[in-house]
Amino acid sequence: MAPDNSTLPAPLTRSLPLAFTSGAAIGALGGMIGLGGAEFRLPLLIGLFGFAALSAVILNKAMSLVVVLVALPARLATVPLAELAAHWTVAVNLLAGSLLGAWAGASWAVRMRTATLYRVLAALMVLMAGALVLTHTTAVGSLALSGAALAVTGVVAGFGIGVVAAIMGVAGGELLIPAIVLLYGVDIKAAGSLSLVVSLPTMLVAFARYSRDGSFAVLRANLRFTLIMVAGSIAGALLGGLLLGVIPDIVLVPVLAAVLLISAVRMARHT
């Protein structure tokens with residue numbers, strides 16, 4: 001089922017300067033807390049630019065994929081490839097679940113009624129707000145699991161994260177990073193890079209599933225808009241990285257969580 005764009009304004013009516021500016025603002029906010037900001041971009045695509053739910057998810061996924069492709073090489077300068085390779089079992093364990101979850105999540109998204117998808121997105125935004133607050137205000141320890149228990153838990157966690165990432169069109173770092181720290185005891189810096197390693201193939205699987213239903217029509221129709229907003233997101237993320245720590249997390253995180261909660265309420269009421 002292809003996204004229903006019949007009620008949307010023509011792509012050219014969407015302001016390209018506004019797309020760049022809003023993308024930059026989202027990228028900067030995400031960069032200041034070490035995330036890509038896709039969870040904040042989704043409500044803008046729906047509320048500000050007037051995309052239908054599924055169209056917004058697919059556009060968000062495309063933009064998130066480009067941001068991850070840019071961020072991964074940059075992260076290698078901070079966390080060398082050799083250090084990541086030492087944690088290859090972590091990536092494999094999570095991918096065993098996240099690849100299946102991404103396929104399942106994308107399958108459910110394209111089959112949902114539009115009203116249902118809005119409500120699901122609203123619930124997931126509440127989840128993201130909770131994860132954001134938990135990750136940045138609480139010291140995440142390790143569950144000290146091992147053997148089969150760790151492997152099964154990793155697959156289950158990966159599946160859930162893959163579902164959420166596919167339905168929201170995000171990379172999933174908001175959930176992957178705390179999961180990697182909590183389950184495997186990896187330090188937060190390496191966990192950030194590992195999350196990108198897991199996110200990339202997971203996003204590609206979701207894209208493959210979306211493409212089966214002609215869902216990419218929205219990308220072709222809004223290619224310039226997408227590229228401009230991606231450029232803004234990347235520029236903003238670089239700026240946000242430089243501003244990291246300028247605004248204390250104790251101030252920034254509650255504000256961003258409130259933004260997600262307000263967006264969730266608006267999404268739930270969307271018709």
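In this text, all values refer to a predicted model and were calculated from it rather than measured experimentally.

A few points about a nonpolar patch on the surface
The grouping of L239, L242, L243, V246, I247, I250, V251, V255 and V259 at the surface amounts to a nonpolar patch, some 810 Å² of accessible area in total. Of all elements in the fold, only helix 11 (223-242) and helix 12 (249-268) reach the threshold of two or more residues within the nonpolar patch. Looking at the element boundaries, I247 is found in the loop between helix 11 and helix 12. By relative accessible area, I247 is classed as partly exposed at 34%.

A short note on the environment of L260
Mapped onto the elements, L260 comes out in helix 12. When its relative accessible area of 1% is taken as the criterion, L260 is described as buried. The spacing of L260 and F216 is 44 residues in sequence and 27 Å in space, taken between C-alpha atoms.

Observations concerning the packing of aromatic side chains
The tally for this structure, following the rule as stated, stands at two aromatic pairs. Each ring, one from F49 and one from F225, has its centre 4.9 Å from the other, and the planes form 75°; the classification is edge-to-face. Of the two residues, F49 is situated in the loop between helix 2 (38-47) and helix 3 (53-76) and F225 in helix 11; the sequence distance between them amounts to 176 residues. For the pair F49 and F225, a shared accessibility class is recorded, and that class is buried. Here F225 falls in the buried class, since its relative accessible area comes to 2%. Through a chain of ring-to-ring contacts, three or more aromatic side chains come together here, namely F49, F51 and F225. Above the plane of the ring of W103 lies R209, whose end atom (NZ or CZ) is 5.9 Å from the centre.

Describing the packing of helix 3 against helix 9 (residues 188-211)
Where helix 3 contacts helix 9, the axes come no closer than 9 Å and their chain directions differ by 140°. When the axis of helix 3 is compared with that of helix 9, the two are oblique. In this structure, helix 3 meets helix 9 at a crossing whose hand is left-handed. The residues of helix 9 that touch helix 3, namely those facing L54, V57, I58, K61, A62, S64, L65, V68, L69, A71, L72 and R75, are K189, G192, S193, L196, V197, L200, M203, L204, A206, F207 and Y210.

A word on the environment of A151
By the secondary structure assignment, A151 is in helix 7 (residues 147-168). The exposure class of A151 is partly exposed, given its relative accessible area of 34%.

So, the confidence of the model for the protein chain
Looking at the protein chain, pLDDT values average 85 and 93% of them are 70 or higher. Low pLDDT, under 50, characterises residues 1-12; the stretch is placed with 24 contacts to residues that sit more than four places away or in other chains.

Quick look at the packing of helix 3 against helix 7
Two elements in contact, helix 3 and helix 7, have axes separated by 7 Å at closest approach and are oriented at 110°. Judged on the interaxial angle alone, helix 7 and helix 3 are roughly perpendicular. Contacts between helix 3 and helix 7 involve V57, N60 and K61 on the former and, on the latter, A165, A166, I167 and M168. Residues of the contact of helix 3 with helix 7, tallied by class, amount to five nonpolar, one polar and one charged.

Quick look at the side chain of S64
Looking at the secondary structure, you find S64 in helix 3. In contact with S64, other than residues within four places in its own chain, are A38, R41, G169, V170, A171 and M203.

Looking at the nonpolar core
By size, the foremost hydrophobic cluster in this structure holds 85 residues, and its most contacted members are L45, L121, L132, M168 and Y210. When residues in this core are grouped by element, the largest group, 11 residues, is from helix 3. Those residues in contact with M168 that lie beyond four places of it in its chain are L42, V57, N60, L121, L124, M125 and M128.

Conventions used here
- Residues numbered from 1 in each chain as written.
- Predicted model: local features only at pLDDT ≥ 70, side-chain atom pairs only at ≥ 80, totals over all residues.
- Heavy atoms only, no water.
- Patch = residues over 30% accessible without salt bridge, like charges linked within 9 Å, V, L, I, M, F, W, Y side chains within 5 Å.
- Areas by Shrake-Rupley, 256 points an atom, 1.4 Å probe, with all protein chains shown as cover.
- Salt bridge = Lys/Arg side-chain N within 4 Å of Asp/Glu carboxyl O.
- Helix = DSSP H or I, 4+ residues; strand = E, 2+ residues; numbered from the N terminus.
- Buried < 20%, exposed > 50% of the residue type's maximum accessible area, 1.4 Å probe, protein only.
- Phe/Tyr/Trp six-rings, centres within 6.5 Å; stacked < 30°, edge-to-face > 60°.
- Lys NZ or Arg CZ within 6 Å of the ring centre and 35° of its normal.
- Axes fitted to C-alpha atoms, helices over the stretch in contact; angles between N-to-C directions.
- Parallel < 35°, antiparallel > 145°, perpendicular 65-115°, else oblique.
- Left-handed = near helix turned anticlockwise from the far one by under 90°.
- Contact = heavy atoms within 4.5 Å.
- pLDDT = per-residue confidence, 0-100.
- Nonpolar A, V, L, I, M, F, W, Y, C, P; charged D, E, K, R; others polar.
- Core = buried A, V, L, I, M, F, W, Y, C linked by side-chain atoms within 4.5 Å.

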